[in-house]
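Residue-level listing of the chains:
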Amino acid sequence: MASTIEIKVPDIGGHGNVPVIEVLVQVGDTVAKEQSLITLESDKATMEIPSSAAGVIRELKLKVGDEVSEGSLIALLETVGAADSASPSPPRGENGPSSPSPLRGEGRGEGTDLPGTSSTTSGGSNTSASTRPSPQSSPQKAEEAKAPQAAGSSGKAADISCQLVVLGSGPGGYTAAFRAADLGVDTVLVERHATLGGVCLNVGCIPSKALLHAAAVIDEAEAMAAHGVSFGKPVIDLAKLRDFKSKVVGKLTGGLAAMSKQRKVRTVQGVGTFVSPHEMEVQTAEGTKLIRFEHAIIAAGSQSVKLGMFPWDDERVLDSTRALELKDVPKKMLVVGGGIIGLEMATVYSALGSEVTVVEFMDQLIPGADADLIKPLAQRLGRKLKGIHLKTKVTSAKAGKKGIEVSYEGDSLPADTVFDRVLVSVGRTPNGGSIGADKAGVAVSERGFISVDSQMRTNVPHIFAIGDLVGQPMLAHKATHEAKVAAEVVAGHKSHFDARVIPSVAYTDPEIAWVGVTEREAKEQGLKIGVGKFPWAASGRAIGNDRTEGFTKLLFDEATHRVVGGAIVGQHAGDLISEVALAIEMGSEAADIGLTIHPHPTLSESVGMAAEIYDGTITDLYMPKKK
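Residues numbered from 1 in each chain as written. Predicted model: local features only at pLDDT ≥ 70, side-chain atom pairs only at ≥ 80, totals over all residues. Heavy atoms only, no water.

Asker: In this structure, what is going on with the nonpolar core? I would like to understand it.
Answerer: Note that soluble globular proteins tend to have their nonpolar side chains buried in a common cluster. Membership of the largest hydrophobic core comes to 54 residues, with the highest contact counts inside it found for Val 165, Val 190, Phe 274, Ile 291, Ile 297 and Met 456. Elements with a contribution of two residues or more to this core: strand 9 (160–167), helix 1 (171–182), strand 10 (187–191), helix 2 (198–203), strand 13 (279–284), strand 14 (287–298), strand 25 (463–465) and helix 8 (476–490). Ranked by size, the runner-up nonpolar core spans 35 residues in total, among them Ala 323, Ala 369, Leu 377 and Val 569. (Core = buried A, V, L, I, M, F, W, Y, C linked by side-chain atoms within 4.5 Å. Buried < 20%, exposed > 50% of the residue type's maximum accessible area, 1.4 Å probe, protein only. Helix = DSSP H or I, 4+ residues; strand = E, 2+ residues; numbered from the N terminus.)

So, in structure tokens, the structure goes:
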């Protein structure tokens, strides 16, 4: 039976009349017990106030700017039956936010106060809160997936019994298994391939970065000729380059195997599928094995989208996995898709000597990023590639004797129609539909996504899901954080996935990285933000590197001067963006960043200078005073 209760501010350490700087929920939201509701800021610290029960927010009794003390009424909450197991709104599925709202920050803690911070919630933030001009509207919910009728137990004797089975050993899967084992949970890790690490380590993030490193060295050696240091034309030994890539992968995957043994995580190689809510069959080289488990974490990942118009049985048509095999360096190569993966591989093959053409259906490369970030990359790639064609798509492709023959339609049609190799890089699709999830009663959308709550629970309470198949962004570093939450919840901890922001990086040349609110999002949502943008043309380090095309941009809430977003384009942008992510997590103001002493001359000091530009204290540039 439903009942309505009052949620009040608990003891907040004797503080009184503390201002509310964030309201983290809205009327109609379903919240879990211990989920953060509001953020307060005293003169000493910020703190997030949790809900004392699970249920649905029926009425909010305060707003940003109100002052509260112990006993102040926060909201009216409607509780239902077993409310403690209610899933928080909104579900994080395929149409969920591309990254968590910078202002709906929550942490993965257990109520432990860290130095310099204050936390009063088991699932609350272990950092200061960052604020936004107005609360972000609820993200669009994932497509509705009806929960299937679970199958009954097989009645067979189990070959393996465990407390936890983890399906998939990518960055999310192995992290979940290792964290659970560290917490004393008897864990089995199922992986279809011979080595642990999943797509990222074996055929994705890691091998691509090894090849991108080689491409960067080739480009830098060529560029040095203009400064009096000539190395001559590079001689490419593909066998040795492939061997280098394989050794990089081998070191990491070998390390995972060793750590798995050290933690006593049992690994089973084979294809795993659910047969009931507590059973999984694994097709191994020795035959079928039945695993009976108490809990499961699904970390089955995603695979490249394969458009039906391409002749995939022809080895000249590549997905990202095939492209990383580096069997040869084609003379003419077409890259279909101007997203991050497509441009990274275009960078590699161009440096190795291929004549690369890129076609992209949208009106800019990497469509999710701000246009000003893309401009330096587009200009540099424009000088190195055969052509970049926007608002253009491939309408047909067929295998011919001389190559893959393609036709196009759109605003910018390439002159070439026959290519030695065609790389199709138009996104990835989750594997949720191929693991027998319905037999376990787990709801999976038509596109293969699985919705979860902030503890990574599916609609089946003892089964969790993480990584690519729970929604965007499909990034390894998101999966690892989700993995730790799921493992800790299995072990009985009150953990929640509540990251404020998730950074994105394109490892192109120049690199592009962004985190938090973008200028495009701010404009669309009517947010009042200020921008501090430092051009690398004024950076001593960038000038010394002869790479001044970049810039560092920070976005600040005009009401609080807190940083809510940031973006960097230039060399090592992927490394530099972490400072901005931390600043957002800590709720840093422009002065906090600007007054942090950065080493000189470095590219990292551009972050501090961008803050100084916004704050009006910059001396490395002349900026007319704001009227």
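Asker: In this structure, what is going on with the pairing of strand 29 (residues 551–557)? I would like to understand it.
Answerer: Looking along a regular strand, one sees the side chains alternate between the two faces of the sheet. Of all seven residues in strand 29, seven are buried; the element is thus mostly enclosed. The two faces of strand 29 match: Phe 551, Lys 553, Leu 555 and Asp 557 on one face and Thr 552, Leu 554 and Phe 556 on the other face are all buried. Turn length for the strand 29-strand 30 (residues 563–570) hairpin, with the two strands adjacent in sequence and antiparallel, is five residues, and the turn residue His 561 shows positive phi of about 65°. (Pairing = 2+ DSSP bridges.)

Asker: Looking at this model, I keep getting lost on the pattern of salt bridges. Mind explaining?
Answerer: Where charged atoms from two side chains of opposite charge come close, those side chains can pair. Per the stated rule, a full pass over the model turns up 30 salt bridges. Its salt-bridge partner being Lys 553, residue Asp 370 comes within 3.1 Å of it at the nearest N-O pair. Of the two residues, Asp 370 sits in the loop between strand 18 (355–360) and helix 7 (371–384) while Lys 553 sits in strand 29, which places them 183 residues apart along the sequence. Overall, the relative accessible area of 6% leaves Asp 370 in the buried class. Residues participating in the shared-partner salt-bridge network are Asp 370, Asp 372, Glu 519, Lys 533 and Lys 553. (Salt bridge = Lys/Arg side-chain N within 4 Å of Asp/Glu carboxyl O.)

Asker: Please explain the side chain of Asp 453 as it appears in this structure.
Answerer: As for its position among the elements, Asp 453 is in the loop between strand 24 (428–430) and strand 25. One buried charged side chain, Asp 453, makes no salt bridge at all; its nearest oppositely charged neighbour is Arg 457, positioned 4.7 Å away. (Lys, Arg positive; Asp, Glu negative; His and termini not counted.)

Asker: Please explain helix 7 as it appears in this structure.
Answerer: Owing to its 3.6 residues per turn, the α-helix brings residues three or four apart onto one side. Taking 1.5 Å per residue as the helical rise, helix 7 with its 14 residues ought to reach 20 Å, and the 20 Å between its terminal C-alpha atoms agrees with that figure. For helix 7, every residue scored as buried is listed here: Leu 373, Ile 374, Pro 376, Leu 377, Arg 380 and Leu 381. (Expected span 1.5 Å × (residues − 1).)

Asker: Help me understand helix 4 (residues 238–262) in this model?
Answerer: Relative to the 36 Å expected for 25 residues at 1.5 Å per residue, helix 4 spans 36 Å between its end C-alpha atoms, a close match to the ideal helical length. Buried within helix 4 we find Leu 238, Leu 241, Lys 245, Val 249, Thr 253, Leu 256 and Ser 260. Of the surrounding secondary structure, the elements contacted by the buried residues of helix 4 are helix 1, helix 2, helix 3 (205–223), strand 11 (266–269), helix 5 (320–325) and helix 6 (340–352). Within two residues after helix 4, Lys 264 carries a phi angle of roughly 65°, on the positive side. (Contact = heavy atoms within 4.5 Å.)

Asker: Looking at this structure, I do not really get the state of the cysteines. What am I missing?
Answerer: Enumeration over the complete set of coordinates arrives at one disulfide. The residue that forms a disulfide with Cys 200 is Cys 205, at a sulfur-sulfur distance of 2.5 Å. Note on the Cys 200 and Cys 205 pair: the S-S dihedral is about -130°, so by sign convention the disulfide is left-handed. (Disulfide = S-S within 2.5 Å.)

Asker: I would appreciate a short explanation of the pairing of strand 8 (residues 73–79) in the present structure.
Answerer: Burial of strand 8 is extensive: five of the seven residues sit out of reach of the surface. The pairing of strand 1 (residues 3–8) with strand 8 spans six bridges and is antiparallel. Looking across to strand 8, one finds that Ile 5 is bridged to Leu 77. Alignment of strand 6 (residues 55–60) against strand 8, held across four bridges, turns out to be antiparallel. By the bridge assignment, Glu 59 is partnered in strand 8 with Leu 76.

Asker: Explain the packing of helix 3 against helix 6 here, please?
Answerer: Each packed pair of helices is defined by two parameters, the angle between the axes and the distance between the axes. The N-to-C vectors of helix 3 and helix 6 enclose an angle of 45°; their axes lie 9 Å apart at closest approach. In terms of orientation, helix 3 lies oblique with respect to helix 6. Two packed elements cross with a definite hand, and for helix 3 against helix 6 that hand is left-handed. Contacts from Ser 208, Lys 209, Leu 211, Leu 212, Ala 215, Ile 218 and Asp 219 of helix 3 reach helix 6 at Glu 344, Thr 347, Val 348, Ala 351 and Leu 352. Looking at the contact of helix 3 with helix 6 residue by residue, the classes come out as seven nonpolar, two polar and three charged. (Axes fitted to C-alpha atoms, helices over the stretch in contact; angles between N-to-C directions. Parallel < 35°, antiparallel > 145°, perpendicular 65-115°, else oblique. Left-handed = near helix turned anticlockwise from the far one by under 90°. Nonpolar A, V, L, I, M, F, W, Y, C, P; charged D, E, K, R; others polar.)

Asker: Could you clarify how one ought to interpret the packing of helix 1 against helix 8 in this entry?
Answerer: Their axes nearest at 8 Å, the elements helix 1 and helix 8 cross at an angle of 30°. On the basis of their axis angle, the class for helix 1 and helix 8 is roughly parallel. Considering the relative orientation of helix 1 and helix 8, their crossing is right-handed. Across the interface between the two elements, Pro 171, Gly 172, Thr 175, Ala 176, Arg 179 and Ala 180 of helix 1 pack against Ala 476, Ala 479, Thr 480, Ala 483, Lys 484, Ala 487 and Glu 488 of helix 8.

Asker: What should I look at first to understand unusual backbone geometry in this one?
Answerer: Peptide bonds are mostly trans, and most non-glycine residues show a negative phi. In this structure, Pro 473 follows Gln 472 across a cis peptide bond, with omega equal to -5°. Here Pro 473 shows up in the loop between strand 25 and helix 8. Cis geometry marks the peptide bond from Asp 509 to Pro 510, where omega comes out at 5°. Of note, the phi angle at Lys 264 is positive, near 65°, even though the residue is not glycine. Note that Lys 264 resides in the loop between helix 4 and strand 11. With phi around 65°, His 572 is a residue other than glycine that occupies positive phi space.

Asker: Honestly, the sheet that holds strand 26 (residues 504–506) in this entry has me stumped. Any pointers?
Answerer: In a beta sheet, neighbouring strands are held together by backbone hydrogen bonds and run either parallel or antiparallel to one another. If you trace the five strands from one edge of the open sheet to the other, you get 26-27-30-29-28, paired in antiparallel fashion. Strand pairing shows two members of the sheet lacking a second neighbour, strand 26 and strand 28 (529–535), which therefore form its edges. Averaged over all pairs of adjacent strands, the angle between strand axes in this sheet comes to 10°, irrespective of strand direction. Sheet contacts for helix 11 (residues 573–585): strand 26, strand 27 (511–516), strand 29 and strand 30; angle to strand 30, the most-contacted strand, approximately 175°. Sitting on the sheet, helix 13 (residues 605–615) is in contact with strand 28, strand 29 and strand 30, with an inclination near 130° to strand 28.

Asker: Can you walk me through the sheet that holds strand 8 in this structure?
Answerer: If you trace the four strands from one edge of the open sheet to the other, you get 1-8-6-3, paired in antiparallel fashion. With one partner strand each, in any of the chains shown, strand 1 and strand 3 (30–31) form the two edges of the open sheet. Summarising the sheet, strand 3 and strand 6 pair through two bridges and their orientation is antiparallel. What sits directly across from Thr 30, in strand 6, is Val 56.

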